[in-house]
Structures are given as C-alpha cells and as structure tokens.
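# Analysis of the macromolecular model
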Amino acid sequence: MTTFFSLCKCSQKLSTNFCRSIRQFASFHLPYRNNTVTSQQQSSFHLISTSNRISFHNYNYNLKRKMSKKQQTPTDDELRKRLTEEQYYVTQCKGTEQPFTGAFVDHHEHGVYKCVCCGVQLFSSEAKFDSGCGWPAFSAPLSTDEKDSTNITENEDRSHGMVRTEVVCSQCQAHLGHVFDDGPTPTHLRYCINSASLDFEKKNK
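## Structural notes on the overall build of the protein chain
The secondary structure content of the protein chain amounts to four helices and nine strands. Here the protein chain holds 205 residues, and 30% of them are scored as buried. For the protein chain, long-range pairs separated by at least 24 residues make up 51% of all intrachain contacts whose partners lie at least 6 apart in sequence. A total of about 14,400 Å² of accessible surface is found on the protein chain, and carbon and sulfur atoms cover 52% of it.

Okay, here's the thing in structure tokens:
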C-alpha cells in the first residue's frame, strides 16, 4: 500500500511539472493579456523562437534538397506522356530495338549523348565507333568529374539464357543496353546502346 501511494505521489509530481512546463512554454508564445513581458520571458522567447527558426530552416533546406533530387527523376506518368512507345518500351521494360533501325546507328555529329529519360550525359561522340553490330557503340562512358566517375551503372543480366552485363542510367535507372569486352583499345569495351535510350546534344568542335 505504501508503494502504491508513493507511485501516485510520484505520478502526480511528474504531471504537475509537465503542466507547469506547458504553461511556461505557452506563456512565451501566446498573446499577453496585459501586454507586459518580463525580461526573463523576452530572453526565453528569443531562445525558443531562434531555436525553432534554425530547426525549421534546416528541416526545410534538407527537404528541398531531397525534393530537388527526386524531381530530377521523372515519374512514370511523365515518361508515358513524353516518350514514344518504343522509347518507353526500351528504357522502362528493358526492351531492345531492332538492329540498324535506330536514329543514332549511323550518326557522326560532334556532341554528347544523353539519357532520353532524365537528360544526364552518358557518352561523348568521341568515344563512338562503328562496330557493325546494328546499334550505337561506344568504347567508354563519359567521365563526369576528375575521379573518372560516370552516369552508367552495370548490372548482371541473366535473361534469355545468357549472362550479360546490362548498363543503365545511374540517375533514373533507365535501361540503355549492354557492355561487352570485344571493343577497341585502349578500353577493349563495347557499350552496345539502344538509340531509343538516347538523346543528343550537338556541340561545336
């Protein structure tokens, strides 16, 4: 019985302290009836409001960063509206266009090949070569910085009873094609890419 009363008193004390804290917090934020504010209240209100502003600013900044990054990747509805039927099939359903039918198979302008879905740069025209395979071929992806990182991600592909290396856009995961080790020197790689996965930005030499 003594323990029970002790717990009740402890609970009552905690409840009282909690209510007092709530009243103090409210007194700093709610309008004052007499329009008078003590120096202690002013100081406390300044600390609380400043802390809240910093907290909210940081939260808002981080939220905007997440949203901006997310907005760079188009939604499925946006892609269905913007892409052709073949472009959507190739990039979103891991399809393959018919050989020698793509717009960039016999394409020799100087510039940069970009992802048709999100627009990030993938390949330079300087790395393009005629492989005779029926699809645009590149010896290497375009480096995005001094660390030789690229916008290409490689995945193992075991479809159709074969083991191949699929390449997708690192930004939006759009299917691009496959990479093989029968390319020219110095990389000895052949990035066999669907024209339907690409867009082209012409640049002056």
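## Comments concerning the sheet that holds strand β7 (residues 175-180)
Strands in a sheet are paired, the pairing made by backbone hydrogen bonds, and the direction either parallel or antiparallel. One open sheet accounts for six strands, arranged β3-β4-β8-β7-β6-β5; its pairing is antiparallel. Each edge of the sheet is formed by a strand with only one pairing partner; in this case those strands are β3 (128-129) and β5 (152-157). Where strand β4 (residues 137-138) and strand β8 (residues 190-193) come together, two bridges link them in antiparallel fashion. Following the sheet pairing, F138 is matched in β8 by Y191.

## Comments concerning unusual backbone geometry
Omega for the bond connecting T185 with P186 falls within 30 degrees of zero, at 5 degrees, which places this linkage in the cis form. On the secondary structure map, P186 appears in the loop between β7 and β8. One non-glycine residue, K94, adopts positive backbone phi at about 55 degrees. Structurally, K94 can be placed in the loop between α4 (85-92) and β1 (111-115).

## Re the sheet that holds strand β2 (residues 121-124)
Taking strand neighbours across the sheet as the criterion, the three strands line up as β2-β1-β9 in an open arrangement whose pairing is antiparallel. Every other strand in the sheet has two partners, leaving β2 and β9 (198-202) as the edge strands with one partner each. Each adjacent strand pair in this sheet contributes to an overall mean axis angle of 30 degrees, direction not counted. With three bridges connecting them, β1 and β2 associate as antiparallel partners. For K114, the partnering residue across the bridge sits in β2 and is Q121.

## Let's talk about the packing of aromatic side chains
When we look at a pair of aromatic rings, we describe it by the centre distance and by the angle of the planes. In the structure shown here, the tally under the stated rule is six aromatic pairs. Ring centres 4.3 Å apart and planes at 15 degrees place the aromatic pair F123 and F138 in the stacked group. Here F123 is found in strand β2, whereas its partner F138 is found in strand β4, with 15 residues between them in sequence. The burial state of F123 is the same as that of F138; both residues are buried. A network of ring pairs unites the aromatic residues F104, Y113, F123, F138, Y191 and F200 as a single cluster.

## Remarks on the pairing of β5
Where β5 meets strand β6 (residues 164-169), six bridges bridge the pair, whose relative direction is antiparallel. Looking across to β6, one finds that N155 is bridged to E166. Once β5 ends, the chain turns through six residues before running back antiparallel as β6, passing H160 with a positive phi of about 60 degrees.

## Remarks on the confidence of the model for the protein chain
Confidence in the prediction for the protein chain averages 77 pLDDT; 64% of positions are at 70 or higher. Counting contacts from residues 1-11, a segment whose pLDDT is below 50, to residues more than four positions away or on other chains yields zero contacts. Taken as a whole, residues 21-71 scores under 50 in pLDDT and shows 15 contacts with residues more than four places along the chain or in a different chain.

## Quick word on α4
By the burial criterion, the buried members of α4 are Q87, Y88, V90 and T91. If you follow the buried residues of α4, they end up packed against α3 (76-82) and β7. Of the residues trailing α4, K94 is marked for its positive phi of about 55 degrees.

## Some points on the environment of L198
Mapping L198 onto the fold places it in strand β9. Along the chain, L198 and V116 lie 82 residues apart, while their C-alpha atoms are 4.8 Å from each other. Excluding residues within four positions of it along the chain, L198 makes contact with F104, Y113, K114, V116, L122, F138 and I193.

Reading the values: the criteria
Residues numbered from 1 in each chain as written. Predicted model: local features only at pLDDT ≥ 70, side-chain atom pairs only at ≥ 80, totals over all residues. Heavy atoms only, no water. Helix = DSSP H or I, 4+ residues; strand = E, 2+ residues; numbered from the N terminus. Buried < 20%, exposed > 50% of the residue type's maximum accessible area, 1.4 Å probe, protein only. Contact = heavy atoms within 4.5 Å. Areas by Shrake-Rupley, 256 points an atom, 1.4 Å probe, with all protein chains shown as cover. Pairing = 2+ DSSP bridges. Axes fitted to C-alpha atoms, helices over the stretch in contact; angles between N-to-C directions. Phe/Tyr/Trp six-rings, centres within 6.5 Å; stacked < 30°, edge-to-face > 60°. pLDDT = per-residue confidence, 0-100.

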